[in-house]
Amino acid sequence: MPWSAPPPAPQCPACKKSVFATEAYMAADRTPFHTRCLKCEHCKKSLTPANLNEHQKKLFCPLCYEDLFNPQGDIPERVVMQVLPIQGMFIVEQKLKEEFLSPEELRKREEALAAAKAWEEATRKTDHNASSIKIMETVSIAPEDSVSL
């Protein structure tokens, strides 16, 4: 049997160069791309296998793909909203029916409320003398013969 050349390596659709197995990523239709060629065709953003979309052997990020191939008509642009606390504090409203909570849930709720109260007291602005009094009280509680490291 005569010798024959091995089949040529497949070509990357993005750069038209040969793609070898060690540097290839297979797209959804089993088309090999170089890992460095995984970029959005429209915005040039780097893509990962989790966020790439393919259309006619071209790769797109999810936002560009949606804008180009799924026109929505009269829907306004995307608005990013952030939930902010009211007057700088998150207000937790009590549930009206606590009789349905188990004793463990009630205990956890009490611990959470106590922790929130302690945090509020710790972060509340106080005068310097009050802070130093608390420190002196803490120091005076320690036994005389104790050693600090």
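Within any chain, residue numbers begin from 1 and follow the written order of that chain's sequence. Local features in a predicted model are, by the rule used here, given only for residues with pLDDT of at least 70; side-chain atom pairs are given and counted only at 80 or more, and totals for whole chains, interfaces and linings are based on all residues. Each side-chain value is derived from all of the structure's non-hydrogen atoms; neither hydrogens nor water enter the calculation.

**Quick notes on the nonpolar core**
Grouping buried Ala, Val, Leu, Ile, Met, Phe, Trp, Tyr and Cys residues that are joined through side-chain atoms within 4.5 Å yields what is termed a nonpolar core. Classification of residues uses two cut-offs on accessible area relative to the type maximum, computed with a 1.4 Å probe and protein chains only: under 20% is buried, over 50% is exposed, and between them is partly exposed. Judged by nonpolar contacts, the single largest core of 13 residues is most densely connected at Phe33, Leu38, Cys40, Leu47 and Leu59. For this analysis, residues touch if any pair of their heavy atoms sits within 4.5 Å. Those residues in contact with Leu47 that lie beyond four places of it in its chain are Leu38, Lys39, Cys40, Leu52, Leu59, Phe60 and Cys61.

**Here's the deal with the pattern of salt bridges**
Salt bridge, as applied in this entry: a Lys or Arg side-chain nitrogen positioned within 4 Å of an Asp or Glu carboxyl oxygen. Per the stated rule, a full pass over the model turns up four salt bridges. The partner of Glu23 in a salt bridge is Arg36, with the nearest N and O atoms 3.8 Å apart. Pair noted here: Glu23 is in the segment before β1 (24-26) and Arg36 is in the loop between β2 (32-34) and β3 (53-55), with a separation of 13 residues, a long-range link. The class of Glu23 is partly exposed, set by a relative accessible area of 24%. In this structure, Lys108 engages Glu104 in a salt bridge whose closest nitrogen and oxygen atoms are separated by 3.7 Å. On the criterion of helical spacing, the pair formed by Lys108 and Glu104 is a turn pair, its members being four residues apart in helix α2 (residues 103-123). A run of H or I in DSSP counts as a helix once it spans at least four residues, and a run of E counts as a strand once it spans at least two, with each numbered from the N terminus.

**Considering unusual backbone geometry**
Most peptide bonds are trans, and most residues other than glycine sit at a negative phi. In this model, Lys44 sits at a positive phi of 65°, which is unusual for a non-glycine residue. With respect to the helices, strands and loops of the structure, Lys44 is situated in the loop between β2 and β3. Judged by its relative accessible area of 55%, Lys44 falls in the exposed class. Look at Lys57: it is not a glycine, yet its phi comes out positive at around 60°. Along the polypeptide, Lys57 turns up in the loop between β3 and β4 (58-60).

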